[in-house]
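Listed below, chain by chain, are the residues.
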Amino acid sequence: MLRLACTTSRRWRSAGDTLGLAHLPKMAAPEAWRARSCWFCEVAAATTMEATSREAAPAKSSASGPNAPPALFELCGRAVSAHMGVLESGVWALPGPILQSILPLLNIYYLERIEETALKKGLSTQAIWRRLWDELMKTRPSSLESVTCWRAKFMEAFFSHVLRGTIDVSSDRRLCDQRFSPLLHSSRHVRQLTICNMLQGATELVAEPNRRVLETLASSLHTLKFRHLLFSDVAAQQSLRQLLHQLIHHGAVSQVSLYSWPVPESALFILILTMSAGFWQPGPGGPPCRLCGEASRGRAPSRDEGSLLLGSRRPRRDAAERCAAALMASRRKSEAKQMPRAAPAARVTRRSTQESLTAGGTDLKRELHPPATSHEAPGTKRSPSAPAATSSASSSTSSYKRAPASSAPQPKPLKRFKRAAGKKGARTRQGPGAESEDLYDFVFIVAGEKEDGEEMEIGEVACGALDGSDPSCLGLPALEASQRFRSISTLELFTVPLSTEAALTLCHLLSSWVSLESLTLSYNGLGSNIFRLLDSLRALSGQAGCRLRALHLSDLFSPLPILELTRAIVRALPLLRVLSIRVDHPSQRDNPGVPGNAGPPSHIIGDEEIPENCLEQLEMGFPRGAQPAPLLCSVLKASGSLQQLSLDSATFASPQDFGLVLQTLKEYNLALKRLSFHDMNLADCQSEVLFLLQNLTLQEITFSFCRLFEKRPAQFLPEMVAAMKGNSTLKGLRLPGNRLGNAGLLALADVFSEDSSSSLCQLDISSNCIKPDGLLEFAKRLERWGRGAFGHLRLFQNWLDQDAVTAREAIRRLRATCHVVSDSWDSSQAFADYVSTM
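Report follows, based on the coordinates. From a predicted model like this one, the values you see are computed outputs, not experimental measurements. Numbering of residues begins from 1 in every chain and follows the order in which that chain's sequence is written. Residue-level local features of this predicted model are given only where pLDDT is at least 70; pairs of side-chain atoms are given and counted only at 80 or more, and the full residue set underlies all totals for whole chains, interfaces and linings. To obtain the side-chain values, all non-hydrogen atoms of the structure were used and water was disregarded.

## Re the overall build of the protein
How we decide: A run of DSSP states H or I qualifies as a helix once it reaches four residues; a run of E qualifies as a strand once it reaches two. Both are numbered from the N-terminal end. Throughout, exposure labels follow a simple rule: accessible area from a 1.4 Å probe, protein chains only, divided by the maximum for the residue type, with under 20% read as buried, over 50% as exposed, and the rest as partly exposed. Contact definition: two residues touch when any of their heavy atoms are within 4.5 Å. Here the Shrake-Rupley method, with its probe set to 1.4 Å, supplies the accessible areas, and only the displayed protein chains count as covering residues.
For the protein, the helix and strand inventory stands at 34 helices and 17 strands. Among the 838 residues that make up the protein, the fraction classed as buried is 50%. Expressed as a percentage of contacts within the protein between residues at least 6 apart in sequence, the contacts between residues at least 24 apart total 84%. As presented, the protein carries roughly 39,700 Å² of accessible surface, and 53% of it is formed by carbon and sulfur atoms.

## Section: the packing of helix 24 (residues 500-510) against helix 25 (residues 530-541)
Packed helix pairs are characterised by how far apart their axes lie and by the angle those axes make with each other. For clarity, the cut-off: Every axis corresponds to a line fitted to the C-alpha atoms, with the helix fit spanning only the stretch in contact, and the corresponding angles, defined between N-to-C directions, vary from 0 to 180 degrees. Should an angle fall under 35 degrees it is taken as roughly parallel, and over 145 as roughly antiparallel, whereas 65 to 115 is taken as roughly perpendicular and any remaining angle as oblique. Two helices crossing with the near one rotated counterclockwise from the far one by less than a right angle form a left-handed crossing, whereas a clockwise rotation gives a right-handed crossing.
Between helix 24 and helix 25, the least distance of the axes is 8 Å, while the angle of their chain directions is 15°. Here helix 24 lies roughly parallel to helix 25, going by the angle between them. As helix 24 runs across helix 25, the sense of the crossing is right-handed. Along the contact surface, helix 24 presents Thr500, Cys507 and Leu510, while helix 25 presents Arg532, Leu533, Ser536 and Leu540.

## Focus: the pattern of salt bridges
It is possible for side chains bearing opposite charge to pair when their charged atoms get close. For clarity, the threshold we go by: A carboxyl oxygen of Asp or Glu within 4 Å of a side-chain nitrogen of Lys or Arg is what we treat as a salt bridge.
Enumeration over the complete set of coordinates arrives at 25 salt bridges. Here Glu208 makes a salt bridge to Arg211, at a shortest N to O gap of 3.7 Å. According to the relative accessible area criterion, Arg211 is partly exposed, its value standing at 40%. Put simply, Arg211 and Glu215 hold a salt bridge, and the shortest N to O gap is 4.0 Å. Separated by 4 residues within a single helix, Arg211 and Glu215 lie in helix 12 (residues 211-220), roughly one turn from each other. Each of Glu783, Glu809, Arg812 and Arg813 takes part in one network of salt bridges that share partners.

## Here's the deal with the nonpolar core
Test applied: Nonpolar cores are built from buried Ala, Val, Leu, Ile, Met, Phe, Trp, Tyr and Cys residues. Side-chain atoms within 4.5 Å join them into one set.
Counting 147 residues, the largest nonpolar core has Phe226, Leu240, Phe677, Phe703, Leu763, Phe778 and Leu814 as its most contacted members. Apart from residues lying up to four places away in sequence, Phe677 is in contact with Leu647, Phe658, Leu662, Leu692, Thr702, Phe703, Ser704 and Cys706.

## Looking at helix 28 (residues 655-668)
As a reminder of what qualifies: Helix span, as expected, comes to 1.5 Å for every residue beyond the first. In this context, the arc is that of the directions from the helix axis out to the C-beta atoms.
With 14 residues, helix 28 ought to run about 20 Å at 1.5 Å a step, and its terminal C-alpha atoms sit 20 Å apart, in line with that. Within helix 28, the full set of buried residues consists of Phe658, Val661, Leu662, Thr664 and Leu665. On an axial view of helix 28, the arc spanned by its buried residues comes to 155°, and they lie on one face. Tucked into the core, helix 28 has its buried residues touching helix 27 (629-637), strand 11 (644-648), strand 12 (674-678) and helix 29 (686-693).

## Brief notes about the side chain of Glu492
Heads up, the rule is: Positive charges come from Lys and Arg alone, negative charges from Asp and Glu alone, with His and the N- and C-terminal ends not counted. Counted as a polar contact is a pair of N or O atoms within 3.5 Å, where, for protein atoms, one must be capable of donating a hydrogen and the other of accepting one, and residues adjacent in sequence contribute only when both atoms are in side chains.
Looking at the secondary structure, you find Glu492 in strand 6 (residues 490-494). For the buried Glu492, no salt bridge is present, and the opposite-charge side chain at shortest range is Lys225, 6.3 Å distant. Among the polar contacts listed, one links the side chain of Glu492 to the side chain of Ser257, at a separation of 2.7 Å. Ignoring anything within four residues of it in the chain, the contact list for Glu492 reads Gln255, Val256, Ser257, Leu258, Tyr259 and Thr520.

## Here's the deal with the packing of aromatic side chains
For any pair of aromatic rings, the description consists of the separation of the ring centres together with the inter-plane angle of the planes. Selection rule: Put simply, two rings from Phe, Tyr or Trp (the six-membered ring, in Trp's case) pair if the centres are within 6.5 Å, and we call them stacked under 30 degrees between planes, edge-to-face over 60, tilted for the rest.
This model, assessed by the stated rule, comprises 11 aromatic pairs. Seen in terms of ring centroids, Trp129 and Phe154 are 5.5 Å apart; in terms of plane orientation they differ by 45°. Their pairing is tilted. With Trp129 in helix 8 (residues 126-137) and Phe154 in helix 9 (residues 150-164), this pair connects stretches of sequence that are 25 residues apart. Phe154 matches Trp129 in its accessibility class, with the two residues each being buried. Here the aromatic rings of Phe154 and Phe158 are separated by 6.2 Å at their centres, their planes lie at 5°, and the arrangement is stacked.

## Re the packing of helix 25 against helix 26 (residues 562-572)
Stated precisely, the cut-off is as follows: Note on residue categories: nonpolar means Ala, Val, Leu, Ile, Met, Phe, Trp, Tyr, Cys or Pro, charged means Asp, Glu, Lys or Arg, and polar means any other residue, Gly included.
Closest axis-to-axis distance for the helix 25/helix 26 pair is 8 Å, and the angle between their directions is 25°. Classified by the interaxial angle, the pair formed by helix 25 and helix 26 is roughly parallel. Side by side, helix 25 and helix 26 meet where Ile530, Leu534, Leu537, Arg538 and Ser541 of the first sit next to Leu565, Ala568, Ile569 and Ala572 of the second. Its residues assigned to classes, the contact of helix 25 with helix 26 comprises 7 nonpolar, 1 polar and 1 charged.

Keep in mind that these numbers describe shape and distance, not what the molecule does.
Below, the structure is given as structure tokens:
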């Protein structure tokens, strides 16, 4: 047997050398030579297949079918895939046609590694990755998503599933390979990571076995998302703290987004905000960061997050320190619940508390008021100019005290505290962080005590400290940039209700967040906190190096009418480029008869003219009710660089007011290129619409569900077509939801006639009650005029299913002249529309 095996091995080696396979790596017999034999059979089968591919295709074998045994080529390919550890370089050297047949048989790890070689040989693996997505992920990408690389999309989703434990890699041979780590191999393709529920995955990523995974993510990850977060324990938050520090402060994450958090946990929310803004504190009991350990040697201990949020120098330290204690207590509220009950109870009286915080509390003062910068050595005296700087910062933000009474909760008296009683066996802390930990313990132990059967809630302390009793607590001073690490440039909060504490923290961070470029606040229930937000944005705009250029703000209610709010934002941020603002319901100021309706601060809604700004894109979604046209015109007049304007659900008192807006656009917004109207009743504004269509500066106009042809369609359509035929600059026209019908579509076809100077290349006629016969006649007219391809035609949600054969014929003819985008829509849903047009 041994002699037979040796003879067989020599024969396989000789045959391989004959076919030019001598360059393959040496392998140990006998298992490796059995793989080599499969390798030779595979090469032989592939060569035979390539040679016979030019001949006529043979008749189908009677044995073919789902239960038929695998072909020789597939068997050999599986053997090659199983031994890629020793055959990888040889597979890379195969000719392109043979390699193309082997690619589908490889697992995802070798398929990813061979990508570069395949591209050099003119081969694409996109179809293979798409098939893997369909078979393993079993989800269909959104129709709005354009997938440019299926390999990256698959590997990113694969990473998330493995991290959450929602996929079993051992269940499929294409996912299982002992030579590779699924997380490490796919991490370099992850551009977006989502953390859900109770912070699943954060603990696993910061574990020591996954250190290389986290290092790879730090360089590849750009977007970090949080969805449907729930209450988490102290260990999970500590893991998240390390994860954010690695990915943001020492990584490349530039965007943090929070989605759907109905009941935000204050401690977790503030942790995410402060870390995103660039602040870092290891936390009690947390390991030090090995990446910033070298840089932090020889520096003074960095201040804790509570002190960072509140600044260091106050004219009234007693109230300011109560404010600091309140915020830090709330920051540690959830952690206090998780602490073992073995900690000693602390009770102090109001008198002893005041003494410790004002006169005798030297240690607490030193902790609450750390050095001005992290580079100051202990004992260094402050600069004489520090008080002046502090007073100016406080005065710049003291406008909070002018907010209406409803903007802040009523002050509540602080409960009495009892002096903390010592306990034998208490652990003694040592090291530079001992004072910080003692302060945290002091805050949450005091906040959790009771006296005379009454429990003092942290919210009451915060409300009392943050009320108008101390202006410096409402107007928090700017943070020192020297205390920050790298911070993100895009922050998005979607459906995350902001409490007074959370809004105050966000506003204080925003006031000096100079690296922030885009801010999105969507349905956060700001209420009267919008005034603090405006003040913080005004303070940010005054900072050197402010980069904020895009602001997206939407909410159910607003204490300011939307146009006054827009004016205030434009005044606060004159360098803003993109502003999107939406309010769903009217504010109380829209109804002066509401009792107790206090007005906003005078500096928010000043009557002075808006200075010239840099707005290039303005999107506004209005609540119900007529809007004052002069206020909108004042914003447009100050926005000379405006290139895109979108008005949603806007209502004006009369067509003359709408005409005033359009006239302002023509006179002051000469750079305007795109104009959009959505859900507006323009049936009585036909002359204004014609005025727009004759504007020779606009390149794209949208009338979406504007009831354009509700009145006088027989007279208005020819006038509209004539205006468009004489406009040579208009490139796109979108008319969805205007009940154009077959007659209107045929009239619109005259825009593309031979005597027209129109250069229209994009037309959207979705949701316009168009039937197949009308679409077919429209296609025939385009063919008759021979205008050639004019771009894109959108036909969504029309009545094309009433005659499928005619609709297919019409679309076939249209595709010869333009790119048609349509859908299979059930027109029975439009019965009400049909009745209204009878």
